[in-house]
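# Architecture and fold: a report
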Amino acid sequence: LDENDMALANHTFAGWNTEADGSGTAYAATNTFSKPAAAMVHYAQWTDDGKYPVTYSANGGTGTQTDTNSPYYAGATVTVLDENDMALANHTFTGWNTEADGSGTAYAATNTFSMPAAAMVLYAQWTEDDKYPVTYDANGGTGSQTDTNSPYYAGATVTVLDENDMALANHTFAGWNTEADGSGTAYAATNTFSMPAAAMVLYAQWTEDGKYPVTYSANGGT
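As the structure is a prediction and not an experimental result, all values here were calculated from the model.

## A short note on the sheet that holds strand E16 (residues 171–177)
- Taken in spatial order, the four strands make up an open sheet running E13-E19-E16-E17, and their pairing is mixed. Of all strands in the sheet, those bounded by a partner on one side alone are strand E13 (134–137) and strand E17 (186–187).
- Across five bridges, the pairing between E16 and strand E19 (residues 200–208) is antiparallel. Its bridge partner being in E19, Thr172 is matched across the sheet by Thr207.

Written out as structure tokens, the structure reads:
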């Protein structure tokens, strides 16, 4: 006979055998045999179903994540892991996807899915961090200075530029400040700073040139 409703989790029925360990005579359903003068036991034989791996790809980033429960039987419930130590410079991790380009099924950490009868790769998804501009303000003067490397990611090292062709009549350029009135943080050309997560304006600071008197002498007269 066939196996009727016999089942063994994560196994497939593979016929009968006169020995439990499969070392005896094998029979398939509809086979026939001549009945011996003794009790006859047919033991179901089971083949272990295949297991399939779940792997995590950094998808251009660095670091790893490993599912220690992998591989899984088809139909098993899989809990999605976090990114562990995966990272991508100037990007923020935003979850997983079954396709590297994000066009597949998306998962977040702690989500679950039913394991398919195939290997499963989850690709890290990354969102580029914002960039912020550095601008130079003549602060009442003329001319301009432009940082061709701007905008910058937060945390980037920025090198302060000189005044270029900025000028203010009867004043001398005296550096930069984060406030127009000079009450903020002062910088000189070639100084560096770590880019904040915000736009940065550097205001030219001007020192008034000295003035000199013109006097008239009567030269002996009144």
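## Let's talk about the sheet that holds strand E11 (residues 120–128)
- The four strands are arranged E5-E11-E8-E9 in an open sheet whose pairing can be described as mixed. With one partner strand each, in any of the chains shown, strand E5 (54–57) and strand E9 (106–107) form the two edges of the open sheet.
- Bridge count between strand E8 (residues 91–97) and E9: two bridges; the pairing is antiparallel. The residue bridging Trp96 from the neighbouring strand is Tyr107, located in E9.

## Focus on the environment of Thr62
- Within the secondary structure layout, Thr62 lies in the loop between E5 and strand E6 (72–73).
- The exposed category is assigned to Thr62, whose relative accessible area is 53%.
- Along the backbone, Thr62 and Ala87 are 25 residues apart, and their C-alpha atoms lie at a distance of 5.4 Å.
- With sequence-adjacent residues up to four places away left out, Thr62 is seen in contact with Asp85, Met86 and Ala87.

## Regarding unusual backbone geometry
- That bond from Ser70 to Pro71 is cis: its omega, 5°, falls within 30 degrees of zero.
- As for its position among the elements, Pro71 is in the loop between E5 and E6.
- Backbone torsion omega between Ser150 and Pro151 reads 10°, so that peptide bond is classified as cis.
- Mapped onto the secondary structure, Pro151 falls in the loop between E13 and strand E14 (152–153).

## Observations concerning the pairing of strand E1 (residues 11–17)
- Of the strand pairs in this sheet, E1 and strand E3 (residues 43–48) are connected by five bridges, and their pairing is antiparallel. Bridge pairing links Trp16 to Ala44 in E3.
- The sheet contact formed by E1 and strand E2 (residues 26–27) spans two bridges and is antiparallel. Pairing of Asn17 across the sheet is with Ala26, part of E2.

About the criteria used
- Counting from 1, residues in each chain are numbered in the order their sequence is written.
- Since the coordinates come from a predicted model, pLDDT governs what is reported: local features require at least 70, and pairs of side-chain atoms require 80 or more to be given and counted, while whole-chain, interface and lining totals use all residues.
- Neither water nor hydrogens contribute to the side-chain values; these are computed over all heavy atoms in the structure.
- We treat two strands as partners when DSSP finds at least two bridges between them.
- Starting at the N terminus, helices and strands are each numbered in turn, a helix being any DSSP run of H or I of at least four residues and a strand any DSSP run of E of at least two.
- The classification of residues rests on relative accessible area computed with a 1.4 Å probe and restricted to protein chains. Under 20% of the type maximum is buried, over 50% is exposed, and intermediate values are partly exposed.
- In this analysis, two residues are considered to be in contact whenever any of their non-hydrogen atoms come within 4.5 Å of each other.

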